[in-house]
Structure formats: C-alpha cells, structure tokens
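Report on the structure
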Amino acid sequence: MRINISIIISSLIAASFGVQAAVSVFACEPEWASLTKAIGGTHVRVVSATHARQNPHYIRARPSLIAAIRRAELLVCSGASLEAGWLPVLLKRASSELQPGGVGYLMATDHVAVLETPTTVDRSMGDVHPEGNPHVHLNPNNLIQIGRRIKEQLQKIDPDNKAVYAKRYADFERQWAVAIQRWTVQAAPLRGQTVIVHHKSLSYLLDWLGINTLASLEPVPGLPPTASHLNTVLKDSSRQPVLAILRTPYDPSDASEWMASKTRIPSVVVPYTVGGSDQSTDLKALFNHTIELLLMHGS
Ligand SMILES: [Zn+2]
C-alpha cells in the first residue's frame, strides 16, 4: 500500500511540474508533421498548418493557426519562401524561440542542397520560388538530414529526453537507409524517362530518380498555364516519348487533362505528401505509393 501511495504522489509531482508534457510542435506541412512524429514519438504533440489537399504556397493565416503557433515550442517548415504568404503573419504571434535563429526555428531548406536556385533575383514574372525550389521532402535523403536537425533541436528544447530522441533518430536513419536502397532498385526502370509536371513541386523526386522534366504546365512557378505556353509544351511533347503528366492533389486538373487528351500521355495525380492518397498514411507509404504509380505508367 505504501508503494502505491508513493507512486501516486510521484506521478502527481511529475504532472504538476510538467515533466511528462510533450513538446508542442507547429509543422507547416504534413511531411514535417510526420517526420517530427517519427523522431519525437509520444514526446511531441504536432499540429500541421496544412493538409495534403491544400497548396502550401497559399493558405489563410486563420485564428486557429495563430492559437497553435502561440503554444508551439518548435516550428518545422520548408522555408525558401514556400510559406512567405502566410507564415510571417503567424510568426509575429509566436515566442522569441520560434523566430529565425531561435532554438525552436527550423526551416528544412536551410539544411539541404536547394535545387533550381535562380541566377537573377527578379520576381516580376510572379515566381513563387525566388530562393530556389522549396519542395525538398520528395528526395528521401533530405529527410535523413532534416530528421537529424529535428532530433538536435528537440534535444535542446527537451533535454530530459535526449537519449530517447537519439535512439528514435538512429532507428529512423537505419530503417530509412534500407528503404532508400529498396526504392532505388525498384525505380531503376524509370531512370532516363521523361515527364511533364504541372508545378515544380516534384523536382527533388525526379532529380533523385534520374527522371527528366520536359516542361511545367505553369510557364513560371505560380503563374497559371497560358494557351500559348501549353501549345509550346504540346509541340515539344510530340518529339519524344513522355511517361506521364504529373500533378499533386491540389493542382487544378484542367491543363493536365487538356494535354492528356491532345497527346494520349497519361495524366497522373501523385500523392505529393502524407495524406495525398489513401495509401500514403506515413512518409514510407508516401514513397511506396509514388514509385508504384510511376512504375505503373513506365512499363
Ligand atoms: Zn512551389
């Protein structure tokens, strides 16, 4: 009986001092929510500002997001202007730790090699990728690097669980390395093939798998397709075999479907992030389903 009472008392003390409280995390996109959960397990409580059917370039800084960011101890986003239209407004309401340089500030693009960096700084064409391509999560090697960074920042924010984060990250890294090897072998037939994309949201996936991009249906990232640009792409697509016209669940379908009807190239929706298809329930399933979809059209 005495033991039971002491257990109850010590757990009450732990609760009152917040010893078991999970770290509150604000993720801008589902991929970062998923990766943070993989590293943090039950020691993190994660909110994602967007879901797979929302274009992360354009969401509204609604009051529920302000409430969530005010509570957050760690912010995990893509950066490189992907969230430029809405995150700065939210950040004004967040703690000092979440501001650039703070222990709770993590932008994925700060920790990996960014593709498609512009040679001139000119946004007159409405480019939404002024600092290069921010959609970095579809190269699985990037997730190892960003996962390591998440681990390091969680260890600083919650030093009591330092060993837990180290162990969970080590497990993630080991399992991920095995999965990457498997995907690379599986996707080998796709190497050297060519696709058309709606927006440049899949560049890291295509670069990783050695798939060429003939064109984007958007003349410039963020600008809707124009008739003259679509006609140029149509002409170019007749000169070589094209595997598929790829878009995400949130891209408008009209340009892809028009191109598909003119060319007989299949129009394919890839999940893009966790939750983007019924099968894509976590990051590993996202890559499994994406590669499966590409192979289905590549044979
Ligand atoms: Zn983009």
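What you see is a predicted model, and the numbers here were worked out from it, not measured in a lab. (Residues numbered from 1 in each chain as written. Predicted model: local features only at pLDDT ≥ 70, side-chain atom pairs only at ≥ 80, totals over all residues. Heavy atoms only, no water.)

Before going further, it helps to spend a moment on the pattern of salt bridges. With the rule as written, the count across this model stands at 7 salt bridges. Notably, a salt bridge pairs Lys 200 with Glu 116, separated by 4.0 Å at the nearest N-O pair. Pair noted here: Lys 200 is in the loop between β5 (194-197) and α7 (203-209) and Glu 116 is in the loop between β4 (105-107) and α5 (140-157), with a separation of 84 residues, a long-range link. Taking relative accessible area as the criterion, Lys 200 reaches 27% and is therefore assigned partly exposed. (Salt bridge = Lys/Arg side-chain N within 4 Å of Asp/Glu carboxyl O. Helix = DSSP H or I, 4+ residues; strand = E, 2+ residues; numbered from the N terminus. Buried < 20%, exposed > 50% of the residue type's maximum accessible area, 1.4 Å probe, protein only.)

With that settled, consider the environment of Arg 45. In this structure, Arg 45 sits in strand β2 (residues 44-48). Take Arg 45: its relative accessible area is 49%, and that puts it in the partly exposed class. With 22 residues separating them along the chain, Arg 45 and Val 23 place their C-alpha atoms 5.9 Å apart. With near-sequence residues (within four places) excluded, Arg 45 lies in contact with Ala 22, Val 23, Ser 24 and Val 25. (Contact = heavy atoms within 4.5 Å.)

As a further point, take the side chain of Ser 203. Along the chain, the position of Ser 203 falls in helix α7. On the basis of relative accessibility, which here comes to 11%, the residue Ser 203 falls in the buried class. Here Ser 203 is in contact with Leu 115, Glu 116 and Asn 133, once residues within four sequence places are set aside.

Take the sheet that holds strand β3 (residues 74-77) next. Two modes of strand pairing occur in sheets, parallel and antiparallel, and in both the strands are linked by backbone hydrogen bonds. Judged by pairing direction, the sheet is parallel, and its 4 strands sit side by side in the order β2-β1-β3-β4 without closing on themselves. Because the sheet does not close on itself, it has two edges, and the strands there are β2 and β4. The mean angle between the axes of side-by-side strands here comes to 20°, regardless of whether they run parallel or antiparallel. For strand β1 (residues 23-27) and β3, the ladder comprises 3 bridges, and the chain directions are parallel. By the bridge assignment, Ala 27 is partnered in β3 with Val 76. Each of β1, β2 and β3 touches helix α2 (residues 30-40); the most contacted strand, β2, lies at about 175° to it. (Pairing = 2+ DSSP bridges. Axes fitted to C-alpha atoms, helices over the stretch in contact; angles between N-to-C directions.)

So, on to unusual backbone geometry. In most cases, non-glycine residues show a negative phi, while peptide bonds are predominantly trans. Although it is not a glycine, Ala 80 adopts a positive phi angle of roughly 50°. Residue position: Ala 80 is located in the loop between β3 and α4 (87-91). On the basis of relative accessibility, which here comes to 13%, the residue Ala 80 falls in the buried class. Phi angles above zero are rare outside glycine, and Glu 116 is one such case at about 55°. Under the relative-accessibility criterion, Glu 116 is labelled partly exposed at 37%.

Our focus in this paragraph is the domain arrangement of the protein chain. In terms of domain boundaries, the protein chain breaks down into domain 1 (21-181) and domain 2 (187-298). Domain 1 and domain 2 are separated by 25 Å when their C-alpha centres are compared. Contacts between the two partners involve 34 residues from domain 1 and, on the opposite side, 25 residues from domain 2. For the pair domain 1 and domain 2, the summed buried surface comes to about 2,600 Å²; carbon and sulfur atoms form 64% of the total. Contact with domain 2 buries surface across domain 1, with Ala 52, Arg 53 and Leu 138 losing the most and accounting together for 24% of the total. Scanning the region where domain 1 abuts domain 2 turns up 1 salt bridge. Where domain 1 meets domain 2, there are 12 residue pairs in polar contact (both at pLDDT 80 or more). Of all the elements in the fold, those that place two or more residues in the side of domain 1 that touches domain 2 are α2, α5 and α6 (162-186). Taken together, the residues of the side of domain 1 that touches domain 2 break down into 17 nonpolar, 13 polar and 4 charged. (Domains from an automatic or database assignment. Buried area = accessible area lost by both parts, 1.4 Å probe. Polar contact = N/O pair within 3.5 Å; in protein donor to acceptor, adjacent residues only side chain to side chain. Nonpolar A, V, L, I, M, F, W, Y, C, P; charged D, E, K, R; others polar.)

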